[in-house]
Amino acid sequence: MSYKVVIAKGVSEVGKAYLLERNYTVIADATPERIRDEIKTCDAILARTEVYTPEMLEEANHLKVIAKNGVGYDNFPLEKATERGIYITNAPHSNAVSVAEHTLSLMMALAKNLLISHSNLQIGNFDVRNQIVNCELEGKVLGIIGYGRIGSILANKASNALNMNVICYDPYVNPKAVIPEVKVINQLERVLSRSDFISLHLPLTNETKGLISGRELSVMKKTSFLLNAGRGGLVNEADLFFALKEKIIAGAAIDVFEEEPPAPDHPLLSLDNILVTPHSAALTVEAKDRMALHAAIGIDEVLSGRQPSWPVNQPDLS
Ligand SMILES: NC(=O)c1ccc[n+]([C@@H]2O[C@H](COP(=O)([O-])OP(=O)(O)OC[C@H]3O[C@@H](n4cnc5c(N)ncnc54)[C@H](O)[C@@H]3O)[C@@H](O)[C@H]2O)c1
């Protein structure tokens, strides 16, 4: 009897093909409701951002691995998985370039007022060109919070391709891993107060939840912009709404929300100094294929009794 693997809806076909070639029984395109049913009998799940609760894992008597089609794993109850002997794996080398490029696109769009120009021109207001003030990125300060895979690629592109001055805050970074063009600063507030653009590229944990709240927003320059393609919970959304409405900062671009999808009447969506995308920073053709392949490799490794290449926990299998 072959192992049963459930694949969440929206995962690239590459993951399914990899698992079928290895003779797994595959249930593809599973909705969160279907996953909730199948979790009781399946051996592995190739998951996206749907939320898994400790109670769901309590019922999962055959489950050996949940592989994340991506990087962030804050939607899994890690402790419960470890206690139940379930591996959580992810795909850390799959989408960093895509997210860094997306962040650069958001930054460009803010600096050049692309969204407001486009929507005004659509309603015939050519004179918007006299109402907006665009700026260059060259020479501006980019403050990167979290100098990991994504943060470091962004730093490289921003300093070497755009001639921006890049500074970063990351208490865990190995200074030897930082390129010479980037200055590491050990105090978050100093990075916030010096930067024209702040970009968040760190995981959501108990330590980082609400990292950017009212106090942090108040030390940023009035002319500065906040970019968040990390995780929604890193920013206190009510405080960000206040800061944007009261022009404490100039604007923001957000790919991720505390709750996804955000309600249509979410206050942040009503502002004209914010640019939003639907958690799509990693959703390029290239990264989608890589995420699915790397997650499927994690599943095959665990189910065939090997140590997974990208584990995020170490379950007790004794
Ligand atoms: N929008 C998207 O679609 C998307 C896609 C991929 C990843 N992400 C998010 O981006 C995050 C970063 O991804 P990555 O691949 O670069 O991860 P990474 O693990 O390579 O880098 C994270 C960095 O954050 C640093 N960090 C941890 N705690 C910190 C703190 N308190 N202050 C400052 N820095 C801190 C770490 O030292 C590390 O260098 C992920 O955790 C994920 O949540 C979002």
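As the structure is a prediction and not an experimental result, all values here were calculated from the model.

1. A look at the site of the ligand
The ligand sits among 25 residues. The nearest are Arg 149, Ile 150, Asp 170, Ala 229 and Asp 255. A distance of 3.5 Å is found between an oxygen atom of the ligand and a backbone nitrogen or oxygen belonging to Tyr 147. In this structure, a nitrogen atom belonging to the ligand sits 3.1 Å away from a main-chain N or O atom of Ala 229. In the complex, the protein chains occlude 88% of the 860 Å² of accessible area that the ligand would expose alone. Classifying every residue of the shell around the ligand by side-chain character gives 13 nonpolar, seven polar and five charged.

2. Regarding the UniProt feature "domain: D-isomer specific 2-hydroxyacid dehydrogenase NAD-binding" (unreviewed entry) in the chain
The UniProt record marks residues 104-281 with the feature "domain: D-isomer specific 2-hydroxyacid dehydrogenase NAD-binding" (unreviewed entry), using the residue numbering of this structure. Taken end to end, residues 104-281 is 29% helix and 16% strand, and its two terminal C-alpha atoms sit 10 Å from one another.

3. Describing the nonpolar core
Counting 39 residues, the largest nonpolar core has Ile 45, Tyr 52, Leu 63, Ile 66 and Ile 299 as the members making the most contacts within it. Elements represented by at least two residues in this core include exactly β1 (4-8), α1 (13-21), β2 (25-30), β3 (44-47), α3 (54-58), β4 (65-68), β5 (87-89) and α11 (285-303). The biggest single contributor to this core is α11, with seven residues. The residues touching Leu 63, leaving out its near neighbours within four places in the chain, are Ile 39, Cys 42, Asp 43, Ala 44, Ile 45, Leu 57 and Ile 86. Counting 32 residues, the second largest nonpolar core, distinct from the first, contains Leu 106, Ala 111, Ala 158 and Ala 229.

4. Here we look at the sheet that holds β2
Pairing within the open sheet is parallel, and its five strands lie in the order β2-β1-β3-β4-β5. Each edge of the open sheet carries a strand with a single partner, namely β2 and β5. Each strand of the sheet is rotated relative to its neighbour by a mean of 15 degrees, with strand direction disregarded. Judged from the four bridges that link them, β3 and β4 form a sheet pairing that is parallel.

5. Comments concerning the packing of aromatic side chains
This structure, assessed with the given rule, holds two aromatic pairs. With centroids separated by 5.4 Å and ring planes inclined at 50 degrees, the aromatic side chains of Tyr 52 and Phe 76 adopt a geometry described as tilted. Highlighted residues: Tyr 52 in the loop between β3 and α3 and Phe 76 in the loop between β4 and α4 (78-83), separated in sequence by 24 residues. One exposure class covers both Tyr 52 and Phe 76, and it is buried. Taking the centre distance of 5.2 Å and the plane angle of 15 degrees together, the rings of Phe 197 and Phe 225 count as stacked. Of this pair, Phe 197 sits in strand β9 (residues 197-200) while Phe 225 sits in strand β10 (residues 225-228), and the two are 28 residues apart along the sequence. Judged by its relative accessible area of 1%, Phe 197 falls in the buried class. The positively charged end of Arg 22 is found above the aromatic ring belonging to Tyr 18, 3.6 Å away from the centroid.

Criteria and thresholds
- Here the residue index of a chain counts from 1 through its sequence in written order.
- Selection of residues for local features in this predicted model requires a pLDDT of at least 70, selection of side-chain atom pairs for listing and counting requires 80 or more, and totals for whole chains, interfaces and linings are taken over all residues.
- Derived side-chain values reflect all non-hydrogen atoms in the structure, with water molecules and hydrogen atoms excluded from consideration.
- The near set for a molecule or strand comprises every residue that places at least one heavy atom within 4 Å of it.
- A 3.5 Å cut-off defines polar contacts: any pair of N or O atoms within that distance qualifies, except that in protein one atom must be a possible hydrogen donor and the other a possible acceptor, and neighbouring residues in sequence count only when both atoms are side-chain atoms.
- Residue exposure ignores everything except the shown protein chains as possible cover, and the areas themselves are Shrake-Rupley values with a 1.4 Å probe.
- For this classification, the nonpolar set comprises Ala, Val, Leu, Ile, Met, Phe, Trp, Tyr, Cys and Pro, the charged set comprises Asp, Glu, Lys and Arg, and every other residue, Gly included, is treated as polar.
- UniProt positions are given in the numbering used here, feature names are shortened, and annotations may be inferred rather than shown by experiment.
- The helix and strand labels rest on DSSP assignments: H or I over at least four residues marks a helix, E over at least two residues marks a strand, and numbering proceeds from the N terminus.
- The term nonpolar core refers to a set of buried residues drawn from Ala, Val, Leu, Ile, Met, Phe, Trp, Tyr and Cys, joined through side-chain atoms within 4.5 Å.
- We call a residue buried when its accessible area falls under 20% of the maximum for its residue type, exposed when it is over 50%, and partly exposed in between, using a 1.4 Å probe and counting protein chains only.
- In what follows, residue pairs with any heavy atoms lying within 4.5 Å of each other are defined as contacts.
- Pairing between two strands requires that DSSP report at least two bridges joining them.
- Lines fitted to C-alpha atoms define the axes here, with helix axes fitted over just the stretch in contact, and angles between the N-to-C directions of these axes take values from 0 to 180 degrees.
- Stacked, tilted and edge-to-face pairs are distinguished by plane angle, under 30 degrees for stacked and over 60 for edge-to-face with tilted covering the rest, among Phe, Tyr and Trp rings (Trp via its six-membered ring) whose centres lie within 6.5 Å.
- We call a charge positioned above a ring when the Lys NZ or Arg CZ atom is no farther than 6 Å from the ring centre and deviates by at most 35 degrees from the ring normal.

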